[in-house]
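# Breakdown of the fold
So you can see what is in the structure, the chains are spelled out below.
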Amino acid sequence: MRKITNQELGRPSVEEFAAMEKLPVVAVLDNVRSAQNVGAFFRTGDAFGVERIALCGITATPPSREIHKSSLGAEFTVAWEYYSSTAQAVAQLKEQGYTLLAIEQVEGAVMLDNLAVDRSKKYALVFGNEVSGVEQAVVDMCDGAIEIPQVGTKHSINVSVCGGVVLWKFFESLR
């Protein structure tokens, strides 16, 4: 096997990417404290063509050296908005017709491997703080929740890894 060069991959230019149709998915970051996790969301959002990222509360925003370190420039290709509170972002997305899903371990959550993604809907996926998860008040505003099945001794996985797992499911289902 020979590794494929970046040039051979034929990726779109920044301008071509901006003009591309995006997945009807918004990643909402609820008080994510690590700028490197934020950068990883930008890079994953670029890879899977998400519509945009909503950065909420204490979540870092570009320009940021720490975001850039893990995004590798994807903060320039993925649209984003900042909200002082996650509740404000979620309320606005709900008004815009998005189905709101908390990515959280809550009663009644659908396991990701059992999730049926509806191609006729727009989704806003709420990812929580590295320690406390998605705020309960925000969970209460959501239409449902998704949980990633796990078998290890820890109760969770890193939020940016969680983002990659969940966004892949939506990419696979909606593209």
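Residues numbered from 1 in each chain as written. Predicted model: local features only at pLDDT ≥ 70, side-chain atom pairs only at ≥ 80, totals over all residues. Heavy atoms only, no water.

### Here's the deal with the nonpolar core
Inside soluble globular proteins, nonpolar side chains tend to come together where they are buried. The criterion, for reference: What makes a nonpolar core is a set of buried Ala, Val, Leu, Ile, Met, Phe, Trp, Tyr and Cys residues whose side-chain atoms join them at distances within 4.5 Å. Each residue is placed in one exposure class: buried if its accessible area under a 1.4 Å probe, protein chains only, is under 20% of its type's maximum, exposed if it is over 50%, and partly exposed if it falls in between. The helix count covers DSSP runs of H or I at least four residues long, the strand count covers runs of E at least two residues long, and both are numbered beginning at the N terminus. In this description, contact between two residues means that some pair of their heavy atoms is separated by no more than 4.5 Å.
Counting residues in hydrophobic clusters, the biggest one holds 33 residues, and the most contacted among them are Val25, Ile53, Leu125, Phe127, Val166 and Phe170. Those elements that provide at least two residues to this core are strand S1 (23-30), helix H3 (35-48), strand S2 (50-56), strand S4 (98-103), strand S6 (122-127) and helix H7 (159-174). For this core, the element with the most residues is H7, which contributes seven residues. If we ignore the near neighbours within four places in the chain, the residues touching Val166 are Ile103, Leu112, Leu125, Phe127 and Ile148. The next biggest cluster of nonpolar side chains, apart from the first, holds 19 residues, and it includes Ala89, Leu93, Leu100 and Ala145.

### Looking at the pattern of salt bridges
Cut-off, in case you're wondering: Put simply, a salt bridge is a Lys or Arg side-chain nitrogen that is within 4 Å of an Asp or Glu carboxyl oxygen.
What the rule picks out here adds up to six salt bridges. We note a salt bridge from Arg33 to Glu130, for which the minimum N-O separation is 4.0 Å. Taken together, the positions of Arg33 in the loop between S1 and H3 and Glu130 in the loop between S6 and helix H6 (136-141) put the pair 97 residues apart, joining distant regions of the chain. Judged by relative accessible area, Arg33 falls into the exposed class, the value being 55%. Linking Glu51 and Arg52 is a salt bridge whose minimum nitrogen-to-oxygen distance equals 2.3 Å.

### Notes on the packing of H3 against H7
Quick reminder of the rule: For helices, the axis comes from a line fit to the C-alpha atoms of the stretch in contact; other axes are also lines fit to C-alpha atoms, and the angle between any two N-to-C directions lies between 0 and 180 degrees. In what follows, roughly perpendicular refers to angles from 65 to 115 degrees, roughly parallel to angles under 35, roughly antiparallel to angles over 145, and oblique to any angle outside these ranges. Helix crossings are classified by the rotation of the near helix relative to the far one: an anticlockwise turn of less than a right angle makes the crossing left-handed, while a clockwise turn makes it right-handed. Charged means Asp, Glu, Lys or Arg here, nonpolar means Ala, Val, Leu, Ile, Met, Phe, Trp, Tyr, Cys or Pro, and polar covers whatever is left, Gly included.
Between H3 and H7, the least distance of the axes is 9 Å, while the angle of their chain directions is 15°. The pairing of H3 with H7 is recorded here as roughly parallel in orientation. When you trace H3 past H7, the crossing you get is right-handed. Here Asn37, Ala40, Phe41, Thr44 and Phe48 of H3 come into contact with H7, specifically with Val159, Ser160, Gly163, Gly164, Leu167, Trp168 and Phe171. Grouping the constituent residues of the contact of H3 with H7 by class yields seven nonpolar, five polar and no charged.

### Brief notes about the packing of aromatic side chains
Where we set the bar: Between the rings of Phe, Tyr and Trp (Trp by its six-membered ring), a pair exists once the centres lie within 6.5 Å; its type follows the angle of the planes, with under 30 degrees stacked, over 60 edge-to-face, and the other angles tilted. Counted as over-ring charges are cases with an Arg CZ or a Lys NZ within 6 Å of the ring centre that also lie within 35 degrees of the ring normal.
Tallying each qualifying case throughout the model produces five aromatic pairs. With a centroid separation of 5.0 Å and 65° between ring planes, the pair formed by Tyr123 and Phe170 is classed as edge-to-face. Of this pair, Tyr123 sits in strand S6 while Phe170 sits in helix H7, placing them 47 residues apart in sequence. The buried category is assigned to Tyr123, whose relative accessible area is 5%. Since its relative accessible area comes to 1%, Phe170 is described here as buried. An aromatic cluster of three or more residues is present, and its members are Phe48, Trp168 and Phe171. The lysine or arginine in question, Lys22, covers the ring of Phe17, its NZ or CZ lying 4.5 Å from the ring centre.

### Here's the deal with the sheet that holds S1
Backbone hydrogen bonds are what pair the strands of a sheet, in a parallel or an antiparallel way. To keep things clear, this is the line we draw: When DSSP finds two or more bridges between two strands, those strands count as paired.
The strand order across the open sheet formed by seven strands is S3-S2-S1-S6-S4-S7-S5, and the pairing between neighbours is parallel. Edge positions in the sheet fall to strand S3 (80-83) and strand S5 (110-111), since each has one partner strand and no second. The pairing of S1 with S6 spans five bridges and is classified as parallel. Directly across from Val25, in S6, lies its bridge partner Tyr123. Where H3 meets the sheet, it contacts S1, S2, S3 and S6, and its direction lies at approximately 165° from that of S2.

### Overview of unusual backbone geometry
Each neighbour pair has its own omega, and for Pro62 with Pro63 the value is -5°, a cis peptide bond. Topologically, Pro63 is positioned in the loop between S2 and helix H4 (65-71). With phi around 55°, Asn31 is a residue other than glycine that occupies positive phi space. Relative to the assigned elements, Asn31 resides in the loop between S1 and H3.

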